[in-house]
Amino acid sequence: IIATVMPVLPVWRHYQPGTTSSRIQALNSQIFALAAQYNLALVDLFAMFDANPQLIGADGLHPTIEGQTRIAGAFRDEIVRRYGSDISTTSLRFSTMRRTR
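Residues numbered from 1 in each chain as written. Predicted model: local features only at pLDDT ≥ 70, side-chain atom pairs only at ≥ 80, totals over all residues. Heavy atoms only, no water.

Undergrad: Just to check I follow, could you spell out helix α3 (residues 65-83) for this structure?
TA: Turn by turn, an α-helix covers 3.6 residues, leaving residues three or four places apart pointing in a common direction. For α3, built from 19 residues, the straight-helix expectation of 27 Å at 1.5 Å per residue is met to within 8% by its first-to-last C-alpha distance of 27 Å. Three or more residues of α3 are buried, namely Gly 67, Ile 71, Gly 73, Ala 74 and Glu 78. One face of α3 carries all of its buried residues, which in axial projection span an arc of 165 degrees. Opposite the buried face of α3, at more than 90 degrees from it, the exposed residues are Ile 65, Arg 76 and Tyr 83. (Helix = DSSP H or I, 4+ residues; strand = E, 2+ residues; numbered from the N terminus. Expected span 1.5 Å × (residues − 1). Buried < 20%, exposed > 50% of the residue type's maximum accessible area, 1.4 Å probe, protein only. Arc of directions from axis to C-beta.)

Undergrad: Help me understand the nonpolar core in this model?
TA: For soluble globular proteins, the rule of thumb is that nonpolar side chains tend to be buried together. Of all hydrophobic cores here, the largest spans 9 residues; its members are Met 6, Val 43, Leu 45, Met 48, Phe 49, Leu 55, Ile 56, Ile 71 and Ala 74. Where this core is concerned, the elements lending two or more residues are α2 (45-51) and α3. For this core, the leading source of residues is α2, giving 3 residues. If near-sequence neighbours (up to four positions away) are discounted, Met 6 is found in contact with Ile 24, Leu 45, Phe 46, Phe 49, Leu 61, Pro 63 and Ile 71. (Core = buried A, V, L, I, M, F, W, Y, C linked by side-chain atoms within 4.5 Å. Contact = heavy atoms within 4.5 Å.)

Undergrad: Whenever I open this one, a nonpolar patch on the surface confuses me. Can you help?
TA: A surface patch of nonpolar side chains, amounting to about 290 Å² of accessible area, comprises Leu 34, Tyr 38 and Leu 40. Judged by its relative accessible area of 35%, Leu 40 falls in the partly exposed class. (Patch = residues over 30% accessible without salt bridge, like charges linked within 9 Å, V, L, I, M, F, W, Y side chains within 5 Å. Areas by Shrake-Rupley, 256 points an atom, 1.4 Å probe, with all protein chains shown as cover. Salt bridge = Lys/Arg side-chain N within 4 Å of Asp/Glu carboxyl O.)

Undergrad: Teacher, can you tell me more about helix α1 (residues 20-37) here?
TA: In this model, α1 (18 residues) spans 26 Å end to end at C-alpha, consistent with the 26 Å of a helix rising 1.5 Å per residue. Within the sequence span of α1, burial applies to Thr 20, Ile 24, Asn 28, Ile 31 and Ala 35. Down the axis of α1, the smallest arc covering the buried residues is 60 degrees, so these residues share one side. Turned more than 90 degrees from where α1 packs its buried face, Arg 23, Gln 30, Ala 36 and Gln 37 sit exposed.

Right under this line is the structure:
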């Protein structure tokens, strides 16, 4: 599974008006082409975050906690869509985790 590059907000310190967004869109076009060429599952993070810019943090680059949760959900949904809902999952209980210092 591959994903598109998320948009960045103009507050990002390396944002360049007129170039940053077009470069991201050009890269995402190549990602879509690769996914089609190799029959890869694709999660469109750009569309998700472009429609919900509040999911991008104050730095204009990284997702918020809610944004991270949405990313995880999008990958989960794509895994289930592509491979079925009867895949097994493994969970690690807190009681089995070792504490390290």
